[in-house]
Amino acid sequence: MIETPSYADALRILGCKDARLVKVVGFAAAAARTGWALAGAGQLATGLADMRNSIVGYGEDVVRRMPELKGGVDRFTRTQRLASAHAVIVVSAYFEALGEAKLPFTLDQLDRGGKISHGVPTAERFARLVASLLLERLPTPEPHLPYSETRLAVERAYQRMSEAMAGYVGGLSVWDDLTVDDQLLLPRMLAEGPPARALRIYDEDYRSLALDSHEFGVRSLVTEQPPPATALSRVAWLLAELAPPRVGDRPMIHRARMAANALDQPLLHAGKLPEDVWLPLLGEGYLSPRFRVAELTRDATPAQLDWWADRRPVPDTEAFLVGHLTSLRATQAPLLVLGEPGSGKTKLTEVLAARLARSEFLPIRVELAGPDMSRVARAGITEQVEQALGTVLGEEVDYARLVTAADGAMPVILLDGFDELVQGGAGRHDYLERVQEFQAREAELGRPVAVIVTSRTVVADRIRFPKGLLGLQLQPFDDDQVRQWLNIWDQRNRGLLARRDLKPLPAEAALVHGEMARQPLLLLLLALYDAGSNALQRDHGPLGRARLYEVLLRDYTERETGGVRRVAIDQELVLLGAVALSMLARGRQVITDESLNRDLPALCQGGEDDPGDEEDRVDWARKATERFFFVRRNGHAFLHATFGEFLVAWLTMYALRDLDRRRRLAGDEPLALVQAVDDDLLYAVTSHSCLAERGPTVGFVLELLDEVPSAVRERCVELLAGLLRRSLHERPRRHFTGFRPVRHTMTRRLAAYSANLALLIVCASEQPVRVSSILSGPDHLEQWSSLSHLWKGQLGHEGWTGLVTALSAHRVIEDGKEDVVLGGTETGTGTGTGTGGMGDVVVAVATGHSARHRRLLDLLVAALGEGRFLPYRDRLAILEELVRTVAVRSPAMHRALGAMWAEDGADHAELRPLLRAMLADPADRVGTWEQLVKAGVPETALWEIQGLD
């Protein structure tokens, strides 16, 4: 929930000059703080009837004076005044209806009652009534809510007011004069009469506000289906209706606005564009997106796409964005925009910034992804904004000075790529809370600011949601949007393609590819690929994403080089894959020239570059990144992160094919059977990071393996299994040792290598894999347990979490023998979980208890947390025993502790030692802290416990 104005707040904000009304509200407020006797009740001459007349009269005055109230003030002040005006008409409508209601008494009769009734002074009762009617926060229209829901919230407020009136009348002497029937009917009469009439009056007054104030009119547009639009074009004219475009800005502000205007730039800011096509400009080729909206509470699960299926769709994106930025919520909590890779999150921030550039807002884009991610992650919000402004303006900028120079224009900070702070090892799970604290601090200083944050959907389960947070989920294109975008492509490229006897991609040929045609980036890539030879129009079969990326890369390289051999194209892909691998190892999406010039020769030439001849030295960074698939962002980044994830998968498959080729070339030579398999390239590629750190990478591996013949996959599984058994043994000499993007310990590298081997075995196998078949000997489960401990201890949070998500596992018992099956679903007579992820096996052994007890243990812990069949202390003792003796740290334990903390009558003092034990391990403290807070344990309590250590 957000803070909305009460009627008393509205009088203060609007500068009410009705002395009697101000006095009675002040009396009620003072009585709420100090008691009625000290609040000056003796001097209060106003009664309920007079108060009703003043409230109704002031409501009419506010509706009449709306044009005056809106004029001559800055953006945020106008937002406050409009919300206050709405609060005024809500209360005014109720009091008008109350005076017209058919009741067994009049308001004047209530005011003429005795000074003391039923032992309580009437002035005290009156103070309570005024407080409940005029000091409570009131509903306000918001763009993510249809008018019907706002009206329902207003109706609930009216019901609350009628209940307060019924309680007030029941304590006066008038009550004793009523007949028994009137006393019985009065609550119903108050509940049905005034609210119904008040709602009709409210409807009329709201329509008047909407006619006089475009902000309210915009919110009524949100639920309507707008005409097709590009580049949020309606945002510009909706904002222009609210206030004329800004002119005469100071030089610094003018430069900041000019930097935000990128509508005349190509749709993609790529390096070397293809010469035989024209990319649409951002202002014409970006389609206004569709999305769903929801308020994100602690119970929300926005990382799951099916959770969004029941959330409210918002047809009019432009009206919503304008409505949000002109609402109170915009300055009280950030707006979180979630989307799949390629859904257009970054483009949304670019286009919105351009549309806001000439309005009464001041847009500031901040790219959170960068080569120095750790520095960005450590910086506060203000410092991040100042760094971004310094990059754009070419000088150091003080944020406070910038806002002052903006002369009332409200800043809108667009923080793009929050998922990089989460996935890049920075652990900023509390980032949105810090953003909200920044907004609150700026508001206290008289500098209110709106903030919009973008992120991949997949990381939303690792984010703490502050109160009042709205989330948007960008939706894929529908059929009409696919046709609309391809019409734009057609207009741009029909003439160019005709020179080569080609045609632009028709919608029917694109829609064959299903979801790939519905993501903006992938639709563009489909069009680019088809522009090479109309391949998609000739072959009507669906194309997988991995296949699209590979043929696009190969096709582009072949056209750029005038047609070269496959080997040369493979060399180009290896080079691009080395760039992607260098980024993955560093946990970054942006990389510098210096890093590339060090890493690329080490992998692509084995470090054999001759430093003696300066003229012949290769500029590896330029050679790799001058292609169409790169953009510059204080370094080099792929056109989209999914290119990097695909290229890492492709390079891994290249190394796997190389492994198979070398083994086949060795043949049956006598020494070949005893010599170690040459896995140097595979080790160099897979020993720095777990492939599952980036979920799409594993998906790309699976897609690429689908094209590998079964016999080859079977050989690869055998080779990989042998490597896994020897993966932790010492190797005296390896090649590619110069490729060290990050200086990890040998233990960390061996953990990554062995985890990736296990992952590749399961991916390459066409059937589920038993651990006993890849780890030889009767102790295969002990070996598996040791590997699991190694992976959990060394891969870091991102690697371990990704591995648990990507690698399914379950336990089986056949003929009395226990085994673990990797991949597939549960079969046979086993008792494993049968669901995705390694939860029943790897998590179990890595958290200190065996797999066979995991499910039973989770059920026990959940019962202890939620059950009431044992006394509180007994349940607490059992949980403490589980934590201290078998080191249980499962999600079930976190949820149980949260439930026991929130339980009525919970003894928090008894619970604190157990929470202290949970936080004792420094390695797991951050993750445990996050999970406990998410489960409901207040962070203040954890800080207090931490301070006692």
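Just so we're clear, the structure is a prediction, and the values are computed from it rather than from any experiment.

Side note on the overall build of the chain
For the chain, the count of helices and strands is 44 helices and 14 strands. The long-range fraction of contacts in the chain, counting pairs at least 24 apart against all pairs at least 6 apart in sequence, stands at 77%. Summed over its atoms, the accessible surface of the chain is roughly 40500 Å², and 51% of this surface lies on carbon and sulfur atoms.

Digging into the environment of valine 56
Along the chain, valine 56 falls in helix α3 (residues 48-64). Dropping the residues within four chain positions of it, valine 56 is found in contact with Ser92, Phe95 and Glu96.

Observations concerning the packing of aromatic side chains
The tally for this structure, following the rule as stated, stands at 20 aromatic pairs. Ring centres of phenylalanine 126 and tyrosine 168 lie 6.4 Å apart, and the angle between their planes is 55°; this geometry places the pair in the tilted category. Of this pair, phenylalanine 126 sits in helix α7 (residues 122-134) while tyrosine 168 sits in helix α8 (residues 147-170), and the two are 42 residues apart along the sequence. Taking the relative accessible area as the measure of exposure, tyrosine 168 reaches 5% and is therefore buried. The aromatic ring of tryptophan 307 is capped on one face by arginine 311, whose charged end is 4.2 Å from the ring centroid. Over the ring of phenylalanine 465 we find lysine 934, and its NZ or CZ is 5.1 Å from the ring centre.

Structural notes on helix α10 (residues 180-212)
Here α10 is 33 residues long and its end C-alpha atoms lie 48 Å apart, about the 48 Å a rise of 1.5 Å per residue gives. The sharpest bend along α10 comes to roughly 40°, located at leucine 186, with the proline proline 187 sitting one to four residues further on.

Topic: the pattern of salt bridges
Throughout the structure, instances matching the rule amount to 49 salt bridges. A salt bridge links glutamate 442 to arginine 447, with the shortest nitrogen-to-oxygen separation between them at 2.7 Å. In this pair, the class of glutamate 442 matches that of arginine 447, namely buried. Its salt-bridge partner being arginine 662, residue aspartate 658 comes within 3.0 Å of it at the nearest N-O pair. With a gap of four residues between them, aspartate 658 and arginine 662 both fall in helix α30 (residues 641-666), about one helical turn apart. Owing to a relative accessible area of 10%, aspartate 658 belongs among the buried residues under this scheme. Classification of arginine 662 as partly exposed rests on a relative accessible area of 39%. Among the charged side chains, a network of salt bridges with common partners joins Asp61, Arg64, Arg65 and Glu68.

Notes on the packing of helix α22 (residues 479-498) against helix α24 (residues 520-533)
For the pair α22 and α24, interaxial distance at closest approach is 11 Å and the crossing angle is 30°. The orientation of α22 relative to α24 falls into the category roughly parallel. Along this stretch, α22 crosses α24, giving a crossing that reads as right-handed. Facing Val482, Trp485, Leu486, Trp489 and Leu497 of α22, the residues of α24 in contact are Leu523, Leu524, Ala527, Leu528 and Ala531.

What to know about the sheet that holds strand β4 (residues 312-314)
With respect to topology, seven strands assemble into an open sheet ordered β4-β3-β9-β5-β8-β7-β6, the strand pairing being mixed. Both edges of this open sheet fall to β4 and β6 (361-367), since each of them pairs with a single strand only. Within the sheet, the average angular offset between the axes of one strand and its neighbour, ignoring direction, is 25°. Examined bridge by bridge, strand β5 (residues 335-339) and strand β8 (residues 450-456) share five bridges and lie parallel to one another. Looking at the pairing, leucine 335 lines up with isoleucine 452 of β8.

Concerning unusual backbone geometry
If a residue is not glycine, its phi is most likely negative; likewise, a peptide bond is most likely trans. The backbone of asparagine 534 sits at a positive phi, close to 60°, despite the residue not being glycine. Structurally, asparagine 534 is set in the loop between α24 and α25 (535-538).

Observations regarding empty space enclosed by the protein
Following the criterion strictly, the structure yields six cavities of 30 Å³ or more and no others. Here the second largest cavity is characterised by a volume of approximately 60 Å³. In terms of lining, the second largest cavity is formed by Thr79, Leu82, Ala83, Thr140, Pro141, Glu142, Phe216, Arg219, Thr326, Ser327 and Leu328. The set of elements that each furnish at least two residues to the lining of the second largest cavity consists of α5 (75-100) and α11 (214-221). At three residues, α5 tops the list of elements feeding residues into the lining of the second largest cavity. For the lining of the second largest cavity, the class distribution of residues is five nonpolar, four polar and two charged.

Considerations on the pairing of strand β7 (residues 410-416)
For β7, the tally of buried residues reaches seven of seven residues, placing the bulk of the element in the interior. Because side chains alternate across β7, one face comprises the buried residues Met410, Val412, Leu414 and Asp416, and the other comprises Pro411, Ile413 and Leu415, equally buried. For β7 and β8, the ladder comprises four bridges, and the chain directions are parallel. Paired with isoleucine 413 across the strands is valine 451, a residue of β8.

Let's talk about the pairing of β8
Within a regular beta strand, the side chains point alternately toward one face of the sheet and then the other, so they alternate between its two faces. Along β8, seven of the seven residues are buried, which leaves the element largely enclosed by surrounding structure. Residues of β8 alternate between two faces, with Ala450, Ile452, Thr454 and Arg456 on one and Val451, Val453 and Ser455 on the opposite face, all of them buried.

Notes on the nonpolar core
Ranked by size, the top nonpolar core spans 170 residues in total, and within it Trp485 and Trp791 carry the most contacts. For this core, the leading source of residues is helix α34 (residues 746-764), giving 13 residues. If we ignore the near neighbours within four places in the chain, the residues touching tryptophan 791 are Ala751, Ser754, Ala755, Ala758, Trp784, Trp800 and Leu803. Residues Val24, Ala31, Leu190 and Tyr206 belong to the second largest nonpolar core, which totals 65 residues.

With respect to the environment of tyrosine 58
Secondary-structure assignment places tyrosine 58 in helix α3. Put simply, tyrosine 58 and aspartate 18 are 40 residues apart on the chain and 7.9 Å apart in space, counted from C-alpha to C-alpha. Leaving out residues up to four positions away in the same chain, tyrosine 58 has contacts with Tyr7, Leu11, Leu14, Cys16, Leu21 and Val88.

Focus: the side chain of histidine 144
Counting through the fold element by element, histidine 144 comes out in the loop between α7 and α8. A relative accessible area of 5% places histidine 144 in the buried class. Once residues within four sequence positions are removed from consideration, histidine 144 is found in contact with Val293, Glu295, Arg312, Phe320, Arg329 and Leu470.

Examining the side chain of serine 6
Counting through the fold element by element, serine 6 comes out in the segment before α1 (7-14). Overall, serine 6 belongs to the buried group, its relative accessible area being 3%. In this view, serine 6 contacts Ala87, Leu134, Leu135, Glu136, Arg137 and Leu138; residues no more than four positions away in its chain are not counted.

A closer look at helix α27 (residues 566-586)
Helix length check: α27, at 21 residues, gives a terminal C-alpha distance of 30 Å against a target of 30 Å (1.5 Å per residue), a fit within 8%. Among the 21 residues in α27, 17 count as buried, and that is most of the element.

Some words on the packing of helix α26 (residues 545-560) against helix α32 (residues 695-705)
The interhelical angle for the contact between α26 and α32, taken along N-to-C directions, is 80°, at an axis separation of 8 Å. For the element pair α26 / α32, the angle class is roughly perpendicular. Judged by residue contacts, Arg545, Ala546, Arg547, Tyr549 and Glu550 of α26 engage Phe700, Glu703 and Leu704 from α32. Its residues assigned to classes, the contact of α26 with α32 comprises four nonpolar, no polar and four charged.

Examining the confidence of the model for the chain
Per-residue pLDDT for the chain has a mean of 83; in total, 87% of the residues score no lower than 70. Low pLDDT, under 50, characterises residues 825-853; the predicted model gives this stretch 77 contacts beyond four residues in sequence or across chains.

Conventions used here
Residues numbered from 1 in each chain as written. Predicted model: local features only at pLDDT ≥ 70, side-chain atom pairs only at ≥ 80, totals over all residues. Heavy atoms only, no water. Helix = DSSP H or I, 4+ residues; strand = E, 2+ residues; numbered from the N terminus. Contact = heavy atoms within 4.5 Å. Areas by Shrake-Rupley, 256 points an atom, 1.4 Å probe, with all protein chains shown as cover. Phe/Tyr/Trp six-rings, centres within 6.5 Å; stacked < 30°, edge-to-face > 60°. Buried < 20%, exposed > 50% of the residue type's maximum accessible area, 1.4 Å probe, protein only. Lys NZ or Arg CZ within 6 Å of the ring centre and 35° of its normal. Expected span 1.5 Å × (residues − 1). Bend = angle between axes of the 7 residues up to and from the residue. Salt bridge = Lys/Arg side-chain N within 4 Å of Asp/Glu carboxyl O. Axes fitted to C-alpha atoms, helices over the stretch in contact; angles between N-to-C directions. Parallel < 35°, antiparallel > 145°, perpendicular 65-115°, else oblique. Left-handed = near helix turned anticlockwise from the far one by under 90°. Pairing = 2+ DSSP bridges. 1 Å grid on protein atoms, 1.4 Å probe; cavity = no way out; pocket = protein on both sides within 12 Å on 5 of 7 lines; lining within 4 Å. Points joined across faces, edges and corners; volume = space filled by probe spheres on them. Nonpolar A, V, L, I, M, F, W, Y, C, P; charged D, E, K, R; others polar. Core = buried A, V, L, I, M, F, W, Y, C linked by side-chain atoms within 4.5 Å. pLDDT = per-residue confidence, 0-100.

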